[in-house]
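Observations on the model geometry
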Amino acid sequence: MKRTAFAAVSSIALIASSAAFAEPQAEVLHWWTSGGEAKSVAVLQKEFADNGGTWTDMPVAGGGGDAAMSALRARVLSGNAPTAVQLKGPAIQEWYEEGVLANISAVAEAEGWADVLPASIAGHMKCEGEWCAAPVNVHRVDWIWANADVLEANGIAMPTTWDEFNAAAAKLQAAGVIPLAHGGQAWQDATVFEAVALGILGAEGFHKAFVELDEATLTSDAMVAVFDQMRTMRGYVDANFSGRDWNLATAMVMNGEAAFQIMGDWAKGEFMAAGKVPGEDFLCASTPGEGFLYNVDSFAMFDVDGDDKKAGQDLLAKLIVGPSFQEVFNLNKGSIPARTDVALDKFDTCAHLSADDMKASSENGSLLPSYAHGMALRGAQSGAITDVVTAHFNSDMSSADAVAQLAQAVASSY
Ligand code: BGC
């Protein structure tokens, strides 16, 4: 009995040591293909190569990652999972439950992740107590971006309430400027919707609606008001919004064709990649209302064979959470580091605002997971909500009907 146990232990030690000497390989599935995103992922590719790794890129274009997730499912179903995958929120645990994720606790423990990651982030990275994903950053979703010159030329300040936003938009429209740059894709509709919902429902109402899926909140008058505001905003987008990619909407703000965009701070990555300066060329502010919607990008490692791939997974996980990568990557990506011990000296005013607001919201209970970016709910539930949001935005559906459909879609999504 003892001999068998020992033999098992020593063969594990052998595997571990041969993996340590194998040349790290990784095929990495991600959806970072826009200008700012590509610059950011290049930082990881370079660090991986500098540390002896060979990176095989598997980019799947499509903001928000819907296309990437379909590609992932196809690969896993065909028994050929990629080594590492950009994956986040409850989808991590969903994949874990399918028995296809690798356990990366050995790296996490050796690197002391528990000491440098906030508990709210660490919780998303664990599966039944083991580490099963590595966090890259904290993106904030509830941002409004603006072209500084356009606002100045029209005598408009950054709106601090939705009424102010509507007044500014009407004024801009009368002056021939597109008030809101938007891309009509379901995930972008959902992004705007959740920012409006946070502002109108408040942090507690948002939690009840999009974390607890509380029926009374989903059908409340406040939710009717959220859809009313969406209908108003539909009037502020241009005629060609349908299907437009998010980064093209950001470009419309950059070149002054449009005044505002409501989008997570990956949009800042686009402004920065184009050499634009925050506070001068473009302005950032949180969308009207209290709270902070977080969206943490992370990578999960899939169960694969081969010491070289396992070594690649260990190296990637280690680099991703390492302090130098967290700084350089996030300077490019528009987000802030997930680690709490990375100095923000090199970061701009928008990043500082994000870090300060994240701290304050975590203290006062208004730090909330983004539903639109897969942090709050499992896929079936978030998908059910987004279907209604998009159907409403793209038709003349009344707010009352939208609310009724919302509650019904959620109820039948389990
Ligand atoms: C991701 C970001 C990405 C954005 C647009 C979000 O869901 O978290 O990293 O830049 O989608 O593609």
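Here the structure is shown first, and the text comes after it.
Everything in this summary refers to the structure shown in the same document. (Residues numbered from 1 in each chain as written. Predicted model: local features only at pLDDT ≥ 70, side-chain atom pairs only at ≥ 80, totals over all residues. Heavy atoms only, no water.)

Counting secondary structure elements, the protein contains 19 helices and 15 strands. Expected size for 414 residues packed as a compact globule is a radius of gyration near 22 Å; at 22 Å, the protein falls within 12% of this value. Counting only residues that meet the buried cut, the protein has 56% of its 414 residues in that class. Accessible surface computed for the protein: about 16600 Å², of which carbon and sulfur atoms make up 53%. Computed over 24 positive and 52 negative side-chain charges, the separation of the two mean positions in the protein equals 6 Å. (Helix = DSSP H or I, 4+ residues; strand = E, 2+ residues; numbered from the N terminus. Rg over C-alpha atoms; globule rule 2.2 N^0.38 Å. Buried < 20%, exposed > 50% of the residue type's maximum accessible area, 1.4 Å probe, protein only. Areas by Shrake-Rupley, 256 points an atom, 1.4 Å probe, with all protein chains shown as cover. Lys, Arg positive; Asp, Glu negative; His and termini not counted. Charge placed at Lys NZ, Arg CZ, Asp CG, Glu CD.)

Where helix 9 (residues 162-174) meets helix 12 (residues 221-234), the axes come as close as 11 Å, and the angle between the chain directions of the two elements is 15 degrees. Taken together, the axes of helix 9 and helix 12 lie roughly parallel to each other. Once helix 9 is placed against helix 12, the crossing between them reads as left-handed. Of helix 12, the residues touching helix 9 (which contributes Trp162, Phe165 and Asn166) are Gln229, Thr232 and Met233. By residue class, the composition of the contact of helix 9 with helix 12 is 3 nonpolar, 3 polar and no charged. (Axes fitted to C-alpha atoms, helices over the stretch in contact; angles between N-to-C directions. Parallel < 35°, antiparallel > 145°, perpendicular 65-115°, else oblique. Left-handed = near helix turned anticlockwise from the far one by under 90°. Contact = heavy atoms within 4.5 Å. Nonpolar A, V, L, I, M, F, W, Y, C, P; charged D, E, K, R; others polar.)

Of all hydrophobic cores here, the largest spans 75 residues; its most connected members are Phe193, Phe210, Met223, Phe260, Tyr371 and Ile385. The element contributing the most residues to this core is helix 10 (residues 186-210), with 13 residues. Leaving out residues up to four positions away in the same chain, Ile385 has contacts with Phe193, Phe210, Leu213, Tyr371, Leu377, Leu406 and Val410. Ala102, Phe329, Leu344 and Leu367 belong to the second-largest nonpolar core, a separate cluster that totals 65 residues. (Core = buried A, V, L, I, M, F, W, Y, C linked by side-chain atoms within 4.5 Å.)

Moving on, we get to the sheet that holds strand 3 (residues 84-86). Taken in spatial order, the 5 strands of this open sheet run 2-1-3-13-6, and their pairing is mixed. Where the open sheet ends on each side, the last strands, each with one partner, are strand 2 (54-59) and strand 6 (134-135). Note that strand 3 and strand 13 (residues 298-301) share 3 bridges and pair antiparallel. Each bridged residue has a counterpart across the sheet, and for Val85 the counterpart in strand 13 is Ala300. Packing against the sheet, helix 3 (residues 66-77) makes contact with strand 1 (25-30), strand 2 and strand 3, and its axis sits at approximately 135 degrees to strand 1. (Pairing = 2+ DSSP bridges.)

Estimates place the volume of the largest pocket at around 660 Å³. Around the largest pocket, the lining comprises 27 residues; the ones closest to its centre are Asp66, Met69, Gly374, Gly379 and Ser382. Among the secondary structure elements, those contributing two or more residues to the lining of the largest pocket are helix 3, helix 4 (90-97), helix 10 and helix 18 (379-393). With 5 residues, the single largest contributor to the lining of the largest pocket is helix 18. Broken down by class, the residue content of the lining of the largest pocket amounts to 12 nonpolar, 9 polar and 6 charged. Taken domain by domain, the lining of the largest pocket gets at least three of its residues from each of domain 1 (2-138 + 296-353) and domain 2 (143-294 + 363-412). (1 Å grid on protein atoms, 1.4 Å probe; cavity = no way out; pocket = protein on both sides within 12 Å on 5 of 7 lines; lining within 4 Å. Points joined across faces, edges and corners; volume = space filled by probe spheres on them. Domains from an automatic or database assignment.)

Attention shifts here to the packing of aromatic side chains. Throughout the structure, instances matching the rule amount to 18 aromatic pairs. Judged by centre distance (6.4 Å) and plane angle (65 degrees), the ring pair of Phe165 and Tyr236 falls under edge-to-face. Within this pair, whereas Phe165 is found in helix 9, its partner Tyr236 is found in the loop between helix 12 and helix 13 (246-254), the two being separated by 71 residues in sequence. Of the two residues, Phe165 and Tyr236, neither departs from the other in class, the shared state being buried. Aromatic side chains Phe241 and Phe393 sit 6.0 Å apart centroid to centroid with 85 degrees between the ring planes, which places their arrangement in the edge-to-face category. (Phe/Tyr/Trp six-rings, centres within 6.5 Å; stacked < 30°, edge-to-face > 60°.)

Okay, the environment of Ala402 next. Note on placement: Ala402 falls in helix 19 (residues 399-411). When the C-alpha positions of Ala402 and Asn247 are compared, they lie 28 Å apart, and in sequence the two are 155 residues distant. Not counting the four nearest positions on each side in its chain, Ala402 is found in contact with Phe227, Val388, His392 and Met397.

A separate point is the sheet that holds strand 14 (residues 336-337). Read from one edge to the other, the open sheet built from 4 strands follows the order 14-7-12-15, with strand pairing classed as mixed. Either end of the sheet is taken by a strand with one partner, and the two such strands are strand 14 and strand 15 (367-369). Judged from the 2 bridges that link them, strand 7 (residues 137-140) and strand 14 form a sheet pairing that is antiparallel. Along strand 14, the bridge assignment pairs Asn137 with Pro337. Against the sheet, helix 16 (residues 323-333) engages strand 7 and strand 14, with an angle of about 20 degrees to strand 7.

So, on to the site of the ligand. Close to the ligand lie 13 residues, the nearest being Glu37, Lys88, Asp297, Lys333 and His373. A distance of 2.9 Å separates an oxygen atom of the ligand from a polar atom in the side chain of Asn295. Within the side chain of Lys333, an N or O atom sits 2.7 Å from an oxygen atom of the ligand. Taking 310 Å² as the accessible area of the ligand by itself, protein coverage stands at 100%. Most atoms of the ligand, that is more than half of them, are within 2 Å of grid points of the largest cavity. Taken together, the residues that form the shell around the ligand break down as 4 nonpolar, 5 polar and 4 charged. (Near = heavy atom within 4 Å. Polar contact = N/O pair within 3.5 Å; in protein donor to acceptor, adjacent residues only side chain to side chain. Sits in = over half its atoms within 2 Å of the grid points.)

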